[in-house]
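Chain by chain, the residues run as shown.
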Amino acid sequence: MEIRSKSSGRKDGGPAWTTVRGVGGVPVTLADMTTATAVTDAPTTGQKLVVDDILVSTDTEMSVTFLEETTGTVIRGPIYLAANSTTQITLRGLTKLPTANKKLMCDASAAGNITVEVGYHSEA
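Residues numbered from 1 in each chain as written. Predicted model: local features only at pLDDT ≥ 70, side-chain atom pairs only at ≥ 80, totals over all residues. Heavy atoms only, no water.

## Focus: the overall build of the protein
Then step 1. When its secondary structure is counted, the protein shows 0 helices and 11 strands.
Then step 2. For the protein, the succession of helices and strands along the chain, N to C, is β-β-β-β-β-β-β-β-β-β-β.
Then step 3. Counting every position in the protein, which comprises 124 residues, the buried fraction comes to 33%.
Then step 4. Considering only contacts in the protein between residues 6 or more positions apart, those separated by 24 or more positions represent 75%.
Then step 5. Taken as a whole, the protein presents about 7,000 Å² of accessible surface, with 50% of it coming from carbon and sulfur. (Helix = DSSP H or I, 4+ residues; strand = E, 2+ residues; numbered from the N terminus. Buried < 20%, exposed > 50% of the residue type's maximum accessible area, 1.4 Å probe, protein only. Contact = heavy atoms within 4.5 Å. Areas by Shrake-Rupley, 256 points an atom, 1.4 Å probe, with all protein chains shown as cover.)

Following this line, the structure appears as structure tokens:
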């Protein structure tokens, strides 16, 4: 969708939905995410979680895999990260978890400080 402004040509109007970030509105930060950890809240009851953006930062070389809570269905990954790096994943297509009422989980291949911030919304 394109919005034109008389003064500047084009402007991005942003998403048509309300984006939720992280767990309880904050990024998830841990020293060891080698056990799958929730990086989102549950979607609205009866709906599926749709992942819009992911931001990952780590101080240790590792890979991260994003998967659906309980089912273990891989949503993205593995994504390989160098030590002291940050990566942004902007998903332009619809990335909807296959099962209603499930959170997005992150599983790291090695212990190390990691911060994961996911932008997401819910839909039927």
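That was the structure; now back to the text.
## Some points on the pairing of strand E7 (residues 62–68)
Then step 1. Extensive coverage of E7 is indicated by the burial of 7 of its 7 residues.
Then step 2. Of the two faces of E7, the one carrying Met62, Val64, Phe66 and Glu68 and the one carrying Ser63, Thr65 and Leu67 are both buried.
Then step 3. Bridging between E7 and strand E8 (residues 74–81) involves 5 bridges; their strand directions are antiparallel. Residue Ser63 lies in a different strand from E8, and its bridge partner there is Tyr80.
Then step 4. The hairpin formed by E7 and E8 contains 5 residues between the paired strands, and Thr70 there has a positive phi angle of roughly 70°. (Pairing = 2+ DSSP bridges.)

## Thoughts on the pattern of salt bridges
Then step 1. Throughout the structure, instances matching the rule amount to 1 salt bridge.
Then step 2. Across the pair Lys96 and Glu123 runs a salt bridge whose closest N-O atoms are separated by 3.2 Å. Placement of the pair is Lys96 in strand E9 (residues 85–96) and Glu123 in strand E11 (residues 114–123), with a sequence separation of 27 residues. (Salt bridge = Lys/Arg side-chain N within 4 Å of Asp/Glu carboxyl O.)

## Some details on the confidence of the model for the protein
Then step 1. The share of residues in the protein with pLDDT of 70 or more is 88%, and the mean pLDDT across the chain is 90.
Then step 2. When the criterion is pLDDT under 50, residues 1–9 qualifies, and its contacts beyond four places in sequence or with other chains add up to 8 contacts. (pLDDT = per-residue confidence, 0-100.)

## Notes on the side chain of Thr95
Then step 1. Within the secondary structure, Thr95 is located in strand E9.
Then step 2. Engagement of the side chain of Thr95 in a polar contact is seen with the side chain of Arg76, the distance being 3.3 Å.
Then step 3. In this structure Thr95 touches Leu49, Val50, Val51, Ile75 and Arg76, once residues within four positions along its chain are discounted. (Polar contact = N/O pair within 3.5 Å; in protein donor to acceptor, adjacent residues only side chain to side chain.)

## Some details on the sheet that holds E7
Then step 1. The sheet built from 4 strands is open, its strands ordered E5-E10-E7-E8 with antiparallel pairing. On the outer flanks of this sheet lie strand E5 (37–38) and E8, each paired with one strand and no other.

## Examining unusual backbone geometry
Then step 1. Of note, the bond from Gly77 into Pro78 is cis; its omega dihedral lies within 30 degrees of zero at 5°.
Then step 2. Following the sequence through the fold, Pro78 ends up in strand E8.
Then step 3. Its identity is not glycine, yet Thr70 carries a phi of approximately 70°, on the positive side.
Then step 4. Of note, Thr70 is situated in the loop between E7 and E8.
Then step 5. A relative accessible area of 67% places Thr70 in the exposed class.

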